[in-house]
Amino acid sequence: QQAVELMFEKLGNDKIMALASSVNDYVMVRNVSCLFYDGKVWFTASKDGKTLYAIYAASDGDEMPDEIEWHGNIPKGKMVMLDGNKRVKYNVTDDGQVRVKLPKTLAAGPIALKFEMSR
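Residues numbered from 1 in each chain as written. Predicted model: local features only at pLDDT ≥ 70, side-chain atom pairs only at ≥ 80, totals over all residues. Heavy atoms only, no water.

Enquirer: Is there a simple way to explain the sheet that holds strand β10 (residues 97-101) in this structure?
Expert: Sheet strands line up and pair through hydrogen bonds in the backbone, either parallel or antiparallel. Strand order in this open sheet of three strands is β6-β10-β9, and the pairing throughout is antiparallel. Two strands bound the open sheet, and with one partner strand each, they are β6 (67-71) and β9 (90-92). Adjacent strand axes in the sheet meet at a mean angle of 15 degrees when their direction is disregarded. Relative to β10, β9 runs antiparallel, the two being bridged by three bridges. Opposite Asn91, over in β10, you have Arg99 as the bridge partner. (Pairing = 2+ DSSP bridges. Helix = DSSP H or I, 4+ residues; strand = E, 2+ residues; numbered from the N terminus. Axes fitted to C-alpha atoms, helices over the stretch in contact; angles between N-to-C directions.)

Enquirer: Mind showing me how you'd approach the confidence of the model for the chain here?
Expert: The predicted coordinates should not be examined in detail at positions where pLDDT is low. With 68% of its residues at a pLDDT of 70 or more, the chain has an overall mean of 78. At the low end of the mean pLDDT range in the chain sits strand β1 (residues 16-23), at 52; at the high end sits β9, at 96. (pLDDT = per-residue confidence, 0-100.)

Enquirer: So what exactly am I meant to see when it comes to the environment of Glu69 here?
Expert: Among the structural elements, Glu69 can be located in strand β6. Considered as a pair, Glu69 and Tyr56 are 13 residues apart in the sequence and their alpha carbons are 9.4 Å apart. In this structure Glu69 touches Val41, Gln97, Val98 and Arg99, once residues within four positions along its chain are discounted. A polar contact of 2.8 Å, which involves the side chain of Glu69, links it to the side chain of Gln97. At a separation of 3.3 Å, a polar atom in the side chain of Glu69 contacts the side chain of Arg99. (Contact = heavy atoms within 4.5 Å. Polar contact = N/O pair within 3.5 Å; in protein donor to acceptor, adjacent residues only side chain to side chain.)

Here is the structure:
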C-alpha cells in the first residue's frame, strides 16, 4: 500500500510511467506506458494496444489466492501466464467482473497475465 501511495504522489493523477535516460543532460524518453489498476491488479498494454497485461501484486505476507478478479478490461480468447506461458481459465460475469482461476501449484509472488482485450 505504501508503494501505491508513493507512486501516485510522484505521478499525480496522470498514471503514466516513462523510462527515460539522459545523455549530456538531454533527457530522452524511451518507453511510455499508461497504468490502470483495480485493487491489487495493475494493467498495461502493448505498444500497438492489441495485447493487455494484468499484473497481480500481492502484499508482503499474503497467501496466494485461488483466483484473482477485476472489473472491466474484458479478455477475448485465451489468457496465459507470462511465467511458463501457461494457459489459465477465466470467466466474466454479466456486470463485467473477470475472475481468473490460478494453478494450485503457483509459488507466492507477483503474477503476470497476457490476453487480448474485447473491444
